[in-house]
Amino acid sequence: MSDRTQAYAEWLQANQDKQGTPEWNTVADAYKQLRMEQQQPFEFSAKETIKNIPGSFKREVENIAAAITDPKATLTGLYNVGAGAIQKLIPGEQGKEKYAEALGQFYVDRYGSKEQFLKTLQQDPVGVMGDASMFLTGGAMALPKVGKTVGKIGAAIEPLNVATNIALTGGSRLLPKTVAPRLYESAAKFGTTIPTKQRERMVETALKEQIKLSQKGLDKATSKIDDLGNRMDTLINNATDANVKVPASEIFRFIDETKQSLGGPRIEAAKDLAEINKITKDFQKYLTKIKTKELTPRQLQDFKTDAYKRIDFQKAPEKPSVAKEETYKSMSRAAKESIEQQIPEISAINQEYGRLKELLPSLERSVARIENRDILGIGGGVKAAGGRAVGGDVGAVIGAGQGILEMPKVKSNIALDIYRRQNQPLQSFIDNNTRNAFIRQILGQQGEMQLQFPGLLQY
């Protein structure tokens, strides 16, 4: 006979005067159920385990619901177990130690031996996942230095998270791939003067990098740019230290292509070609003057950075002419590709860095606009008032709800979630809230004790 069964038997014996009362009947039924389970022979079956998953999940939900709908019993149980755990640390016998021992015995009965573990796994597979989640998330919260990854794993296997993520991910994958980009662009409102393809590329970058339209999202983007820049600098410096060099003439490899694009029967073709020739000849003379026939990766990178600054309208002292801008772009491109030829692993970093740098100015403007808005803005109030006029209080609620969904932060977060579930489904199962998963499982544990072993933590 287990300690819990013994505890029920002793309670029934000591409370004969309560026989026939609801309290007595509850404990007596629980005692009989335990005795029946202990007398039945057991052999593990994987097939039965799978069959039991739906019922086990239903019980998991019922356990949490029981804890929420009977807060008095839940809070009493939590208090008694907490007080009992503290009293166990104090020498001598105290009144509430039995509650901590009862909860401990509950887990011993479930997992105290290989046979007990397999029996629990077969009968309550979802509950086993929930218990594992509770211990992992609880441990991660108690020991934060150990814990971010452990906590994420615990939250990822928490049954309600799993069910929610399966439903949301499955539903998201049924949506057209255009939904997330449209939602995000509608929230961000990137400048209409930006070419369509560039706007689409910027939205894709924001979705892929999971950048929210908030100060935190902006900080994430700038931090990622800094990190990528540092990684590139390390690779470039290492190659320079290893005496890697390329012919200085490589800087001009795309100049003919630039001349072709700006030449032909165009009104300023002659002027543009003359300016291109002047820029290239002046730079060639300078290279000759400083006796430089080869350039290191560091020199190429510095050249590229300087050229980009000179064509950046926000940083350059004046807007360059079309010919100058295109010449600087072609020479920068040549420097970039020369570096990538010498350091192949820098190519992917360069691409990601370039996409984020392209996004950053528009992202800054969008975040500044959104952060300065009222929480609902005038649109939310108008929609609520309009809804009330048409449909009374219910209409007002619907109108306010529509206003909230129209908020840029809400809209962009929905877009990010849809994109992640469509393109990174595994990430949806990993990125879950550790604290919420732990609280749900604590409630589930209390609810299970209240439903299956009534009074064990209260009487």
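Just so it is clear, the structure is predicted and the values come from calculations on it, not from any experiment. (Residues numbered from 1 in each chain as written. Predicted model: local features only at pLDDT ≥ 70, side-chain atom pairs only at ≥ 80, totals over all residues. Heavy atoms only, no water.)

Draft legend 1. Examining a nonpolar patch on the surface more closely. A surface patch of nonpolar side chains, about 330 Å² in accessible area, is lined by I86, L89 and I90. Positionally, I86 belongs in helix 5 (residues 71-88). Since its relative accessible area comes to 54%, I86 is described here as exposed. (Patch = residues over 30% accessible without salt bridge, like charges linked within 9 Å, V, L, I, M, F, W, Y side chains within 5 Å. Areas by Shrake-Rupley, 256 points an atom, 1.4 Å probe, with all protein chains shown as cover. Salt bridge = Lys/Arg side-chain N within 4 Å of Asp/Glu carboxyl O. Helix = DSSP H or I, 4+ residues; strand = E, 2+ residues; numbered from the N terminus. Buried < 20%, exposed > 50% of the residue type's maximum accessible area, 1.4 Å probe, protein only.)

Draft legend 2. Examining unusual backbone geometry more closely. A positive phi is found at Q210, a non-glycine position, where the angle reads about 55 degrees. Tracing the sequence through the fold places Q210 in the loop between helix 12 (196-208) and helix 13 (215-241). Under the relative-accessibility criterion, Q210 is labelled buried at 16%. Residues other than glycine seldom take positive phi values, yet K291 does so here, at roughly 55 degrees. Structurally, K291 is set in the loop between helix 15 (269-289) and strand 2 (294-295).

Draft legend 3. Quick look at the packing of helix 11 (residues 179-188) against helix 12. With their axes 10 Å apart at the nearest point, helix 11 and helix 12 run at an angle of 100 degrees to one another. By the angle between their axes, helix 11 is roughly perpendicular relative to helix 12. Across from A180, P181, Y184 and E185 in helix 11, the residues of helix 12 making contact are R199, V203, A206 and L207. Taken together, the residues of the contact of helix 11 with helix 12 sort by class into six nonpolar, no polar and two charged. (Axes fitted to C-alpha atoms, helices over the stretch in contact; angles between N-to-C directions. Parallel < 35°, antiparallel > 145°, perpendicular 65-115°, else oblique. Contact = heavy atoms within 4.5 Å. Nonpolar A, V, L, I, M, F, W, Y, C, P; charged D, E, K, R; others polar.)

Draft legend 4. The arrangement of the confidence of the model for the protein chain in detail. Mean pLDDT over the protein chain works out to 83, with 85% of the residues at or above the 70 mark. This stretch, residues 374-405, has a pLDDT under 50; its non-local contacts, to residues over four places away or in other chains, come to 21 contacts. (pLDDT = per-residue confidence, 0-100.)

Draft legend 5. Representation of helix 13. An ideal rise of 1.5 Å per residue puts 39 Å on 27 residues; helix 13 measures up with 39 Å between its terminal C-alpha atoms. Among the residues making up helix 13, those that are buried are G217, L218, A221, I225, L228, G229, M232, I236 and A239. Looking at the buried positions of helix 13, the neighbouring elements they touch are helix 16 (297-311), helix 17 (322-342) and helix 18 (346-371). (Expected span 1.5 Å × (residues − 1).)

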